[in-house]
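For reference, the chains in residue letters:
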Amino acid sequence: MKLTFKLNGKKRVIEAEPQKRLLDLLREDLHMTGTKEGCGEGECGACTVIIDGEAVHSCLTLVCQLEGREVITIEGLEENGEMCRIQRMFVEETAIQCGYCTTGMIMSTKALLMHNPHPTEQEIRNALAGNICRCSGYTQIIKAVKRSAEEA
Amino acid sequence: MRCVGKSHPIHDAVGKATGRLRYAGDMELQGMLHMALLFSTIPHGIVKKLDCSKALEYPGVVDVMHCFNTTTKKYNRYLTQFRQDLIYNECIFNTHVRFVGDRIAGVIAETEEAAREAVKLIEVEYEEYPYALTTEEALTGKIDNVFPEGAVFGDYTHDVGEKQDTKDLIKVRTNANLSRINHICMETHVCVADYRKEDGQLTIYSPNQAVFGIRTLLGGIFDMDANKIRVIKTTMGGSFGGKQEWVLEPVTAAAAMRVNRPVRLVYNRSETIISAYSRAPMHFETEMDFTKDGQLQNVDCDLTLDAGAYLGNSINYARTVAHKMFRTYKYPYCHYHSKAVITNTIVSGAFRGWTSPEATVMFEHSMNVAARRLNMDPVELRLKNVMHENDIDLMCGVSLGNYKIRQALEQGRDHFEWNRRKEEVRKFNETNKRYLRGLGVSAGGHVNNFYPGKTDFARVTMSLNESGTILCNMTLHDHGCGTVMAMKMIAAEALGVMPEQVKIGEGDTDVTPLDLGCFSSRTTYVLGNTTIRCAEAMLASIIECTARYSGEKEEDLYIEDRVVYSRTNPDLHYTWSDVFDFSMQSLKQEVFVSEDYIPESNPGVCGVHFAEVEVDTYTGMTRIVDYLAVHDIGKAINPEICRAQTQGAVIMGSGAALTEHVLTRSNGKPSGSLKDYHLINSWEAPNVKVEFIEEGGDPGPYGAKSIGEVCHTPVAAAVMGAVNDALDSEIDTIPITPDVIMEYLHQKSEEAKR
């Protein structure tokens, strides 16, 4: 199907199979591999992207659902070639180890802060509950999110 | 120190934060094909016939490989060293299938989607055999046809010390059962292989812990000259022991050589859980003899390890428990016996800690039961029995050095306010009907390298370049826990430069020096020490070159901030770029050094963990209320990463204690879904306090000892102990899921009625 949607601020018109997963569209067709597949069933959050302001699993989203919508991926967060504040805080706070959950974690953080610029720790924990990190105990990640909010 | 001991982000953090860094699954080589595998759907039997005709006709399919058209050379996935003594009983594709998930065939296609669709079109005809899903079943002889040798392997007995007269001693008998757990690295299993037919060159890209092990294995399977095989370690999305046995490398290599094109094979989550490997289910039966005042005298431990369908590391894994018996407690005698039993289940393999966490569950559960029998406080009982400084590990005869396990226990007891909490918990439980709280303590020791049991050594090279910075090569395999940054920091410290002025290589068999692989917690200790030696040699070489070029005496020269000065000649001033220049132009040599290191020490390293839990007796759910981890780390090279790793290990080990196990249905079909494998998430994760004792005193780099595995060692035992304290129970099987707790409470209330 022919599809018109916004990807990281730019209008895209593409031809794609309607039942293709958004995750595959990004990674295979558009070669945007920042979004990762961790489970393919919406359990781990590694594939999180933002659609119309909401964090969603790109592994559970089909291409046919994208018409007219606005998608933000990790590749869309950098500003003028520099990391955005959330990305900087994740780096500075040692919130990154193996890194495979990181882009999804950052996208969930971005969605949280779009809705709630000053979340409490419990709100952060709730917002990230769908993103599994196997390396850390979430402490540094939560700190990075807090600082991203505080230093806005 | 200007660098070591100050926290630095992991070296590739920016690439990871921006999503620009490429993992193996993100790689795209020119002309690359994709592969998907067909797995056995029965737990045990023979593939009688395969019909691949429909798969071959599927659009985009290039070829189908299977158990009838691929080499049947047997190998062992655990092979990490040349001529390692192992039993080979696995093939790339197996005609005799031994578990649901055994590889039967693979489709190579232009896209992953086509490969996966075509796999569904392969028709298989099986002859089914009886199967066994537990060691008890397998030990009945039901599956003795599984291998020519039968189903039982590696019968092993080891005695250490002298048995103490049991008269007047109190005997404590316990069992401990550990279930099958999976690493759940966020990055699933993946391999990319490239083959050039014209010169027979095979290149493997995979996230792995031992590039040379893979080279050795592939050379054996395909009868290839090692020079024709290049193995390159890619960015690793976590390992936890899950990427130290070779699952996809042989398959992908065979595929690339068959089609003479690059092939990428990516397991999805379900395939990774079912067809890679998991930590073995383990059954311990233990007897311990104590004096009346709590001095441990004799330990008799028997382990039956469920190897799953192929041997892999299981014989070695079961035996290794014996090597962990004298890293924590001091006692005169240990009798240890183990065997590995084949079952028709997921293959067992390495897990973070390589039996230290498992041995600790066994040991600490016994200590908790003993504390009850002896009417002693669990911390007191441990204080009575832990190793002291310079005590000897009786298993290997090596000193535990400046071991601070006793100090860790005392510090943790004070900072966790153990005695105050005990009183609080007692009051809480008296007044609460629904919730019960409990406390757990666990001490667990580990190692820093292979010394003295196995060979261990490392080589590091350094060369000076025109920018006056250092290229440092070693066979490192960063799992994602920051060993590259740790080595940069160690090198920078020793060279007197900044970490960003040192570039560190990672495992690449064509480029980096021969090495054993990054496991057994040896990286910081062995490669770190080698790095320091190499840095010292580099500084000496810079001085020597400068002396030769300038005619000054070596002893008059010194280096400060990458500039060579003379104490006697104030005009002498050579930057490291100048040294590069005159070495090249006048001395006609590269400023290059290469240094070896062979460890001859393996000091004690431990964590002592304290947990408080709250069990909801209405639902069986357990919440970790508070947690303290105290570690004798010698010296934390990159402290925040060490803390983050420790906190992650606490979440991982708590999962093993409370929720994590791979479900296998009675028909032998396991669940590969994360819906059935619950990981503790940010919502439930406790705030974990971490304290490091940094008193050095041992020969590690800047006094450092290991952390990545030892921080996982005490966890499951601490949480298990806390739940048993809350319930006043002696539950000996983990995970203690809500179902287990509800069943226990139900039985307890039934007993009370009687």
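The residue count restarts for each chain, going from 1 along the sequence in the order it is written. Ligands are numbered from 1 and chains lettered from A, in the order in which they are written. Note on the predicted model: pLDDT of at least 70 is required for a residue's local features to be given, and 80 or more for side-chain atom pairs to be given and counted; whole-chain, interface and lining totals, by contrast, use all residues. The basis for the side-chain values is all heavy atoms of the structure; hydrogens and waters are excluded.

With respect to the overall build of chain B
As a reminder, the rule being used: Each helix is a run of H or I in the DSSP string that is no shorter than four residues. Each strand is a run of E no shorter than two, and both are numbered from the N terminus. Atoms counted for the radius of gyration: C-alpha only. Globule rule: 2.2 Å times residue count to the power 0.38. Only the protein chains shown count as covering a residue, and every accessible area follows the Shrake-Rupley method with a 1.4 Å probe. By the counting scheme adopted, Arg and Lys are positive, Glu and Asp are negative, and His together with the chain ends is not counted. By convention, the charge on Lys lies at NZ, on Arg at CZ, on Asp at CG and on Glu at CD.
Regarding its fold elements, chain B presents 18 helices and 31 strands. In terms of C-alpha radius of gyration, chain B reaches 27 Å, essentially the compact-globule figure of 27 Å for 754 residues. Dimensions along the principal axes, computed over C-alpha positions, put chain B at roughly 95 × 70 × 50 Å. For chain B, the accessible surface area stands at approximately 26600 Å², while carbon and sulfur atoms represent 48% of it. The averaged location of the 101 negative side-chain charges in chain B is 3 Å from the averaged location of its 78 positive side-chain charges.

A short note on the environment of A:Leu7
All names here are of chain A. The test is simple: In this description, contact between two residues means that some pair of their heavy atoms is separated by no more than 4.5 Å.
Among the structural elements, leucine 7 can be located in strand 1 (residues 2-7). The spatial distance from the C-alpha of leucine 7 to the C-alpha of glutamate 75 is 9.7 Å, given a sequence separation of 68 residues. Not counting residues up to four positions away in its chain, the partners in contact with leucine 7 are Arg12, Leu26, Leu30, Met32, Val71 and Thr73.

Topic: the state of the cysteines
Every disulfide links exactly two cysteines, by a covalent bond between their sulfur atoms. All names here are of chain A. In plain terms, the rule: To count as a disulfide, a pair of cysteine sulfur atoms needs to be within 2.5 Å. The cut-offs for exposure are 20% and 50% of the maximum accessible area for each residue type, with area from a 1.4 Å probe on protein chains only; residues under the lower value are buried, those over the upper are exposed, and the others partly exposed.
This model, assessed by the stated rule, comprises zero disulfides over all chains. Cysteine 98 forms no disulfide, and the closest cysteine sulfur to it belongs to cysteine 135, at a distance of 3.8 Å. You can call cysteine 98 buried: its relative accessible area is 4%.

Things to note about the packing of aromatic side chains
All names here are of chain B. Inclusion rule: In this analysis, rings of Phe, Tyr and Trp, with Trp reduced to its six-membered ring, are considered paired at centre separations within 6.5 Å, and the interplanar angle assigns stacked below 30 degrees, edge-to-face beyond 60, and tilted for intermediate values. Criterion for a charge above a ring: Arg CZ or Lys NZ at most 6 Å from the ring centre, at most 35 degrees from the ring normal.
Within this structure, the stated rule accounts for 18 aromatic pairs over all chains. Clustering of aromatic rings is evident, with ring pairs tying together Phe99, Phe147, Phe153 and Tyr310. Against the face of tyrosine 131 rests lysine 142, its NZ or CZ located 5.9 Å from the ring centre. Between arginine 437 and the ring centre of phenylalanine 428, over which it is positioned, the NZ or CZ distance is 4.3 Å.

A few points about the nonpolar core
Defined as follows: Residues belong to a common nonpolar core when they are buried Ala, Val, Leu, Ile, Met, Phe, Trp, Tyr or Cys residues joined through side-chain atoms within 4.5 Å.
Membership of the largest hydrophobic core comes to 234 residues, with the highest contact counts inside it found for A:Phe90, B:Met35, B:Leu202, B:Met325, B:Phe363 and B:Tyr627. For this core, the element with the most residues is helix 17 (residues 715-727) of chain B, which contributes ten residues. Those residues in contact with B:Tyr627 that lie beyond four places of it in its chain are B:Phe416, B:His609, B:Phe610, B:Ala611, B:Val650, B:Asn687, B:Val688, B:Lys689, B:Val715, B:Ala718 and B:Val719. Residues B:Val460, B:Met485, B:Cys545 and B:Ala547 belong to the second largest nonpolar core, which totals 48 residues.

Considering the domain arrangement of chain B
Residue and element names in this part refer to chain B. For the record, the criterion: How far each domain reaches was decided by an automatic or database domain assignment. Once two parts are put together, the accessible area they lose, assessed with a 1.4 Å probe and summed over both, is termed the buried area.
Assigned domains of chain B: these are domain 1 (29-129 + 189-266), domain 2 (285-343 + 352-448 + 604-753) and domain 3 (458-597). On the domain 3 side, the residues contacting the 18 residues of domain 1 number 20 residues. Both faces combined, the contact of domain 1 with domain 3 buries some 1400 Å², and carbon together with sulfur accounts for 54% of it. Its largest share of buried area at the contact with domain 3, domain 1 owes to Gln209, Phe212 and Lys233, together 42% of the area lost on that side.

Some details on the side chain of B:Asp289
Among the secondary structure elements, B:Asp289 is positioned in strand 14 (residues 282-290). Apart from the residues within four sequence positions on either side, B:Asp289 is in contact with B:Thr166, B:Leu169, B:Ile170, B:Lys171, B:Gln295, B:Leu296, B:Gln297 and B:Asn298.

Observations regarding the environment of B:Tyr131
All names here are of chain B. We count it as follows: Throughout this description, a polar contact denotes any pair of N or O atoms lying within 3.5 Å of each other; where both atoms belong to protein, one of them has to be capable of donating a hydrogen while the other can accept it, and for residues adjacent in sequence the pair is counted only when both atoms sit in side chains.
Following the sequence through the fold, tyrosine 131 ends up in the loop between strand 6 (123-128) and helix 4 (135-138). The class of tyrosine 131 is partly exposed, set by a relative accessible area of 24%. Separated by 33 residues in sequence, tyrosine 131 and arginine 98 place their C-alpha atoms 8.4 Å apart. If near-sequence neighbours (up to four positions away) are discounted, tyrosine 131 is found in contact with Pro43, His44, Glu137, Lys142, Ile143, Asn344, Ser666, Asn667 and Gly668. From its side chain, tyrosine 131 meets the backbone oxygen of serine 666 in a polar contact 2.9 Å long.

As for the sheet that holds strand 31 (residues 733-734) of chain B
All names here are of chain B. Spelled out, the test is: By the convention used here, strands pair only if DSSP detects at least 2 bridges between them.
Pairing is mixed across the open sheet formed by six strands, whose spatial order is 7-16-15-14-8-31. Strands with a single pairing partner mark the edges of an open sheet, and in this sheet they are strand 7 (152-161) and strand 31. Relative to strand 16 (residues 333-342), strand 15 (residues 296-308) runs parallel, the two being bridged by ten bridges. In the strand pairing of strand 16, aspartate 302 is matched with histidine 337.

Considerations on the sheet that holds strand 22 (residues 470-473) of chain B
Working definition: the strands of a sheet are paired by backbone hydrogen bonds and lie parallel or antiparallel to each other. All names here are of chain B. Selection rule: Note on geometry: axes are lines fitted to C-alpha atoms, helical ones only across the stretch in contact, with angles between N-to-C directions running from 0 to 180 degrees.
Strand order in the open sheet formed by four strands is 23-22-21-27, and the pairing between neighbours is mixed. For this open sheet the edge positions go to strand 23 (502-504) and strand 27 (592-597), each flanked by a neighbour on one side alone. For this sheet, the mean angle separating the axes of adjacent strands, direction not counted, is 20°. Direction of pairing for strand 21 (residues 458-464) relative to strand 22: antiparallel, over a ladder of four bridges. Considered in strand 22, the bridge of leucine 464 is made with isoleucine 470. The strands touched by helix 14 (residues 523-550) within the sheet are strand 21, strand 22 and strand 27, with strand 21 carrying the most contacts at an inclination of about 35°.

Considering the interface of chain A and chain B
Selection rule: We define a salt bridge as a contact between a side-chain nitrogen of Lys or Arg and a carboxyl oxygen of Asp or Glu at a distance within 4 Å.
The interface is formed by 41 residues belonging to chain A together with 51 residues belonging to chain B. Buried area between chain A and chain B, both sides added, is near 4000 Å², and the carbon and sulfur share of it is 52%. Taken together, the links from chain A to chain B amount to five salt bridges. Linking B:Glu660 and A:Arg134 is a salt bridge whose minimum nitrogen-to-oxygen distance equals 2.8 Å. Where chain A touches chain B, the interface holds 31 residue pairs in polar contact (both at pLDDT 80 or more). Residue assignment for the side of chain A that touches chain B shows that the elements contributing at least two residues are helix 1 (22-29), helix 2 (85-92), helix 3 (102-115), helix 4 (121-127) and helix 5 (139-150) of chain A. For the side of chain A that touches chain B, the element with the most residues is helix 4 of chain A, which contributes four residues.

Thoughts on the pairing of strand 15 of chain B
Residues and elements named next belong to chain B. Worth spelling out the cut-off: The handedness of a crossover follows from its direction of travel: if, with the strands pointing away from the viewer, the path from the first strand over the helix to the second runs clockwise, the crossover is right-handed.
The buried fraction of strand 15 is high, at twelve of 13 residues. Pairing analysis gives nine bridges linking strand 14 to strand 15, with the strands arranged antiparallel. Within strand 15, the residue paired with methionine 282 across the bridge is leucine 305. Where strand 14 hands over to strand 15, the hairpin turn is made up of five residues, of which glycine 294 adopts a positive phi near 95°. Assessed by its sense of winding, the connection that carries the chain from strand 15 through helix 8 (residues 314-320) to strand 16 is right-handed.

So, the pattern of salt bridges
All names here are of chain B. Considering all chains together, one arrives at 71 salt bridges over all chains under this definition. A salt bridge links aspartate 199 to arginine 196; the shortest N-O distance between them is 2.6 Å. As a salt-bridge pair, glutamate 358 and arginine 279 come within 3.5 Å of each other at their nearest N and O atoms. With a gap of 79 residues between them, glutamate 358 in helix 9 (residues 356-374) and arginine 279 in strand 13 (residues 278-279) connect regions that are remote in the sequence. Residue classification places glutamate 358 among the buried positions, given a relative accessible area of 1%.

Brief notes about the environment of A:Ala127
Residues and elements named next belong to chain A. Checked against the element boundaries, alanine 127 lands in helix 4. When the C-alpha positions of alanine 127 and leucine 3 are compared, they lie 30 Å apart, and in sequence the two are 124 residues distant. In contact with alanine 127, not counting residues within four places along its chain, are Ser108 and Leu112.

Points about unusual backbone geometry
All names here are of chain B. Backbone torsion omega between tyrosine 451 and proline 452 reads -5°, so that peptide bond is classified as cis. In this fold, proline 452 is placed in the loop between strand 20 (435-446) and strand 21. In this structure, proline 735 follows isoleucine 734 across a cis peptide bond, with omega equal to 10°. With respect to the helices and strands, the residue proline 735 is situated in the loop between strand 31 and helix 18 (738-753). Although it is not a glycine, threonine 355 sits at a positive phi angle of roughly 85°.

Comments concerning the domain arrangement of chain A
Residue and element names in this part refer to chain A. This is how the line gets drawn: Residues were grouped as follows: Ala, Val, Leu, Ile, Met, Phe, Trp, Tyr, Cys and Pro as nonpolar; Asp, Glu, Lys and Arg as charged; and all remaining residues, including Gly, as polar.
Taken domain by domain, chain A consists of domain 1 (2-75) and domain 2 (85-150). A C-alpha centroid distance of 21 Å is found between domain 1 and domain 2. With 18 residues of domain 1 at the interface, the matching set in domain 2 holds 14 residues. Together, the buried faces of domain 1 and domain 2 total about 1300 Å²; carbon and sulfur atoms form 62% of this surface. Scanning the region where domain 1 abuts domain 2 turns up zero salt bridges. Summed over the shared surface of domain 1 and domain 2, the number is six residue pairs in polar contact (both at pLDDT 80 or more). Those elements giving two or more residues to the side of domain 1 that touches domain 2 turn out to be strand 3 (48-51) and strand 4 (54-57). When the residues that make up the side of domain 1 that touches domain 2 are grouped by side-chain class, the tally is seven nonpolar, seven polar and four charged.

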